Amino acid sequence: MDLTYNEHNQLALQDIPLTELQETYGTPLFVYDENHIRNQCRRFHQSLKNSGVEYTVSYASKAFSSIQLFRIMNEENMGLDVVSDGELYTALKAGFPAEHIHFHGNNKTNEEIRYALEAGIGLFVVDSLSEVDRIDALANGPVDVLLRVNPGVEAHTHEFIQTGQEDSKFGLSLLHGLALKGIRKIEASRHLNLKGIHFHIGSQIFGTEGTTATIKKVIHWLNDHDIHIEKLNIGGGFSIQYTDEDVRYPIEDAIKEITDTLRSVCEEVDYPLPELMMEPGRAIVGEAGITLYTVGTIKDIPNTNTYVSIDGGMSDNIRTSLYDAKYTVKLANRRTEDQLIRTTIAGKLCESGDIIAKDISLPHVEAGDLLCVLATGAYHYSMASNYNQMRKPAVVFVKDGQHRLVIKRQSFEDLVANDVM
Ligand SMILES: *Cc1c(COP(=O)(O)O)cnc(C)c1O
């Protein structure tokens, strides 16, 4: 992301001082570098093209859903993965082609299934045995599906964002024969066509060991049971850099390792090479987004800590309280050589756990200063809430040196729009 201090010592994105965005749109504010988003999509496409395998790359909507983002995804030839009728609605509203959308979720309601069938989505990712019956009963014609399997592989990541271990609410386990049952059930259904297999072993995964091990396991399993598929969807999970301590595993290297593994295991057991599908979310939008906050109250607790309170908090960033996430925070309105002090950035909501960044090093800041939290493009706005009747922030995209509003800040009227008077 093109974020640098300009000649006035202000942090600027594509030469636009962040203070200008603060003045124009107010804070808290989400700001995305659209060029960065598009470039991430192109890196996936380029690496997959270079590998020579047939592929589809879809964006995982849950990372950040908005109409303009979905239009960009379509322009960048991405498919879309949705997990709710609300995400599907937003995508259709954006004019996203239904045939490039696939529907995930461990508990799709009948209403959601009906809605997705009527819209004509490309694929359902079936997550349970009962879902086979439910889709079959609701469909009037052929429906292409993938079966989500639980491969029993533990990805190297945070416990709460691991999904591939044996004890999980997602998918059907390979080990206990449930996945095989699912396949037989799909084969026996009237309307469902088994197009392939899906797995997603976790998020913010460092390296590709878990993914390549799972690919091998799944191809061997398919081969052993004489199951033929056209598509293998390996989910998302590509890691990004929140702080200097994170390893940003290069997309190009990851895709090379993944496609090399897929090719070699297929050759080894003489299994026809399937189309490779993947669905990154965080890696597309995570590092492209930042959050701007204005500093309010400051509390210096002698020899203990300095609490800097900002005008947002867990209503726009739940990840610190949820996952103990770490962030890089920068002073955006001025640059100083002042000594760094131990600082905790606290939100303004009524929870002690409402912390954005704990024990970080920052220069002395003052009320009115502008802070910028990096890498907040994924799972921030999409996880935002109205706790304490906080209004969801506005979202701005910056492209080629120009900024534009993409989502308005919620109004007070929005907060009570559904209240019955
Ligand atoms: C969350 C999720 C993704 C995206 O994960 P990222 O870590 O954001 O890339 C993709 N597929 C499925 C099924 C998911 O649940």
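Rules and cut-offs
Residues numbered from 1 in each chain as written. Predicted model: local features only at pLDDT ≥ 70, side-chain atom pairs only at ≥ 80, totals over all residues. Heavy atoms only, no water. Pairing = 2+ DSSP bridges. Helix = DSSP H or I, 4+ residues; strand = E, 2+ residues; numbered from the N terminus. Domains from an automatic or database assignment. Buried area = accessible area lost by both parts, 1.4 Å probe. Salt bridge = Lys/Arg side-chain N within 4 Å of Asp/Glu carboxyl O. Polar contact = N/O pair within 3.5 Å; in protein donor to acceptor, adjacent residues only side chain to side chain. Nonpolar A, V, L, I, M, F, W, Y, C, P; charged D, E, K, R; others polar. Buried < 20%, exposed > 50% of the residue type's maximum accessible area, 1.4 Å probe, protein only. Near = heavy atom within 4 Å. Areas by Shrake-Rupley, 256 points an atom, 1.4 Å probe, with all protein chains shown as cover. Axes fitted to C-alpha atoms, helices over the stretch in contact; angles between N-to-C directions. Left-handed = near helix turned anticlockwise from the far one by under 90°. Contact = heavy atoms within 4.5 Å. Parallel < 35°, antiparallel > 145°, perpendicular 65-115°, else oblique.

Peer 1: Help me out: how do you make sense of the sheet that holds strand β3 (residues 16–17) in this one?
Peer 2: To summarise the sheet geometry, strands pair through backbone hydrogen bonds and adopt either a parallel or an antiparallel arrangement. Pairing within the open sheet is antiparallel, and its three strands lie in the order β1-β2-β3. The sheet terminates laterally at β1 (3–5) and β3, the two strands that pair on one side only. Examined bridge by bridge, strand β2 (residues 11–13) and β3 share two bridges and lie antiparallel to one another. Each residue of the ladder has a partner; that of Leu13, found in β3, is Ile16.

Peer 1: Is there a simple way to explain the domain arrangement of the chain in this structure?
Peer 2: A common way to state how big an interface is: give the accessible area lost once the parts meet. On domain assignment, one finds that the chain holds domain 1 (3–33 + 288–415) and domain 2 (52–282). Put simply, the middle of domain 1 and the middle of domain 2, counted by C-alpha atoms, are 33 Å apart. Buried surface at the junction of domain 1 and domain 2, both sides included, amounts to about 1500 Å², of which 62% is carbon and sulfur. When the buried area of domain 1 at its contact with domain 2 is split by residue, Tyr323, Tyr379 and Phe397 rank highest and sum to 35% of it. Across the domain 1-domain 2 interface, the total number found is zero salt bridges. Counting across the domain 1 and domain 2 interface gives five residue pairs in polar contact (both at pLDDT 80 or more). Contributing elements (two or more residues each) for the side of domain 1 that touches domain 2: α11 (319–323), β20 (394–399) and β21 (402–407). For the side of domain 1 that touches domain 2, the element with the highest residue contribution is β21, accounting for four residues. Residues belonging to the side of domain 1 that touches domain 2 are distributed by class as follows: 13 nonpolar, four polar and three charged.

Peer 1: Help me understand the pattern of salt bridges in this model?
Peer 2: Opposite charge on two side chains lets them pair, provided their charged atoms get close. For the coordinates displayed, the defined rule picks out 16 salt bridges. One salt bridge in this structure joins Glu131 and Lys108, with 2.8 Å as the shortest N-O distance. With Glu131 in helix α6 (residues 129–138) and Lys108 in the loop between β7 (101–103) and α5 (110–119), the pair connects residues that are 23 residues apart, well separated along the chain. For Glu131, a relative accessible area of 1% gives the class buried. Residues Lys326 and Asp324 are paired through a salt bridge, measuring 3.4 Å at the closest nitrogen-oxygen approach. By sharing partners, the salt bridges in this structure join Glu34, Arg38, Arg42, Glu75, Glu76 and Arg404 into a single network.

Peer 1: It is not clear to me how the site of the ligand should be interpreted in this structure. Could you clarify?
Peer 2: In the vicinity of the ligand, 15 residues are found, and the nearest of them are Lys62, Ser203, Glu279, Arg282 and Tyr379. With respect to the ligand, the side chain of Ser203 contributes an N or O atom lying 2.2 Å from an oxygen atom. In the model, an oxygen atom of the ligand is placed 2.7 Å from a nitrogen or oxygen of the Arg282 main chain. Burial of the ligand by the protein chains amounts to 94% of its free accessible area of 390 Å². Each residue belonging to the shell around the ligand can be placed in one class, and the counts come to three nonpolar, seven polar and five charged.

Peer 1: Would you mind going over the packing of helix α2 (residues 34–51) against helix α9 (residues 251–269) with me for this structure?
Peer 2: Two measures define how a pair of helices packs: the angle their axes make with one another and the distance between the axes. Between α2 and α9, the shortest axis-to-axis distance is 9 Å and the interhelical angle comes to 35°. α9 is crossed by α2, and the crossing has right-handed handedness. In this structure, α2 uses Gln40, Arg43, Phe44, Ser47, Leu48 and Ser51 to contact α9, whose residues at the interface are Ile251, Glu252, Ile255, Thr259 and Arg263. Tallied by class, residues from the contact of α2 with α9 come to four nonpolar, four polar and three charged.

Peer 1: Sorry if this is basic, but what is going on with the packing of helix α8 (residues 209–224) against α9 here?
Peer 2: It is at 9 Å that the axes of α8 and α9 come closest, and there the two elements cross at 25°. Viewed along their axes, α8 and α9 adopt a mutual orientation that is roughly parallel. In the crossing of α8 with α9, the sense of the turn from one axis to the other is right-handed. Packed against α8, whose contacting residues are Thr211, Thr212, Ile215, Lys216, Ile219, His220 and Asn223, the element α9 presents Glu257, Ile258, Thr261, Leu262, Val265, Cys266, Glu268 and Val269 at the interface. A per-class count over the contact of α8 with α9 returns seven nonpolar, five polar and three charged.

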